[in-house]
Amino acid sequence: MDIEQAFGIIIKKYRVELSLSQEKLALEANLDRTFISLLERGKRKPTVNTLFSISNVLRVEPHKIILEIEKLLQKN
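Residues numbered from 1 in each chain as written. Predicted model: local features only at pLDDT ≥ 70, side-chain atom pairs only at ≥ 80, totals over all residues. Heavy atoms only, no water.

Asker: Run through the overall build of the chain, naming residues and quoting values.
Answerer: The secondary structure content of the chain amounts to 5 helices and 0 strands. If you list the helices and strands of the chain from N to C, you get α-α-α-α-α. Taken against the 2.2 N^0.38 rule, which gives 11 Å for 76 residues, the C-alpha radius of gyration of the chain at 11 Å falls within 12% of a compact globule. A principal-axis box enclosing the C-alpha atoms of the chain has dimensions of 30 × 25 × 20 Å. (Helix = DSSP H or I, 4+ residues; strand = E, 2+ residues; numbered from the N terminus. Rg over C-alpha atoms; globule rule 2.2 N^0.38 Å.)

Asker: A description of the pattern of salt bridges should follow, citing residues and the corresponding values.
Answerer: Per the counting criterion, the structure on display carries 4 salt bridges. With a shortest N-O distance of 2.6 Å, Glu40 and Arg15 are connected by a salt bridge. Highlighted residues: Glu40 in helix H3 (residues 33–40) and Arg15 in helix H1 (residues 3–17), separated in sequence by 25 residues. Exposure class is identical for Glu40 and Arg15. Each is buried. (Salt bridge = Lys/Arg side-chain N within 4 Å of Asp/Glu carboxyl O. Buried < 20%, exposed > 50% of the residue type's maximum accessible area, 1.4 Å probe, protein only.)

Asker: How would you explain the packing of helix H2 (residues 22–29) against H3 if you had to name every residue and give the values?
Answerer: Axis separation between H2 and H3 bottoms out at 8 Å; the angle between their running directions is 115°. With respect to their mutual orientation, H2 and H3 come out roughly perpendicular. The interaxial crossing formed by H2 with H3 has right-handed handedness. Only Arg33, Ile36, Ser37 and Glu40 of H3 make contact with H2, whose side of the interface consists of Gln22, Glu23, Leu25 and Ala26. Residue composition of the contact of H2 with H3, grouped by class: 3 nonpolar, 2 polar and 3 charged. (Axes fitted to C-alpha atoms, helices over the stretch in contact; angles between N-to-C directions. Parallel < 35°, antiparallel > 145°, perpendicular 65-115°, else oblique. Left-handed = near helix turned anticlockwise from the far one by under 90°. Contact = heavy atoms within 4.5 Å. Nonpolar A, V, L, I, M, F, W, Y, C, P; charged D, E, K, R; others polar.)

Asker: Explain the nonpolar core to me, and be specific about the residues and the numbers.
Answerer: Grouped together as the largest cluster of nonpolar side chains are 19 residues, with contacts concentrated most on Phe7, Ile54, Leu58 and Ile65. When residues of this core are traced back to their parent elements, those giving at least two are H1, H2, H3, helix H4 (48–58) and helix H5 (62–75). When residues no more than four places from it in sequence are discounted, the contact partners of Ile65 are Phe7, Ile10, Tyr14, Leu51, Ser55 and Val60. (Core = buried A, V, L, I, M, F, W, Y, C linked by side-chain atoms within 4.5 Å.)

Asker: How would you explain unusual backbone geometry if you had to name every residue and give the values?
Answerer: Note: most residues except glycine have negative phi, and most peptide bonds are trans. Unlike most non-glycine residues, Asn30 shows phi in positive territory, near 60°. In this structure, Asn30 sits in the loop between H2 and H3. The phi dihedral of Arg59 falls on the positive side, at around 60°, and the residue is not glycine.

Rendered as structure tokens:
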């Protein structure tokens, strides 16, 4: 597992917990829905701006997402 895949798993987890569709997340984060899909599948590398935009919509601090990515990578 790489960082992109871990990022995708984590943001999808938070998105599903909030019952948000990819489209709704994308709209609120000012991103394209297909980009959210690609991120969740680990096919794109998020920028710091993307991390902050998504974390704001998901109501989680960016550093918490990064910590979860680190934990997930260590487990695998």
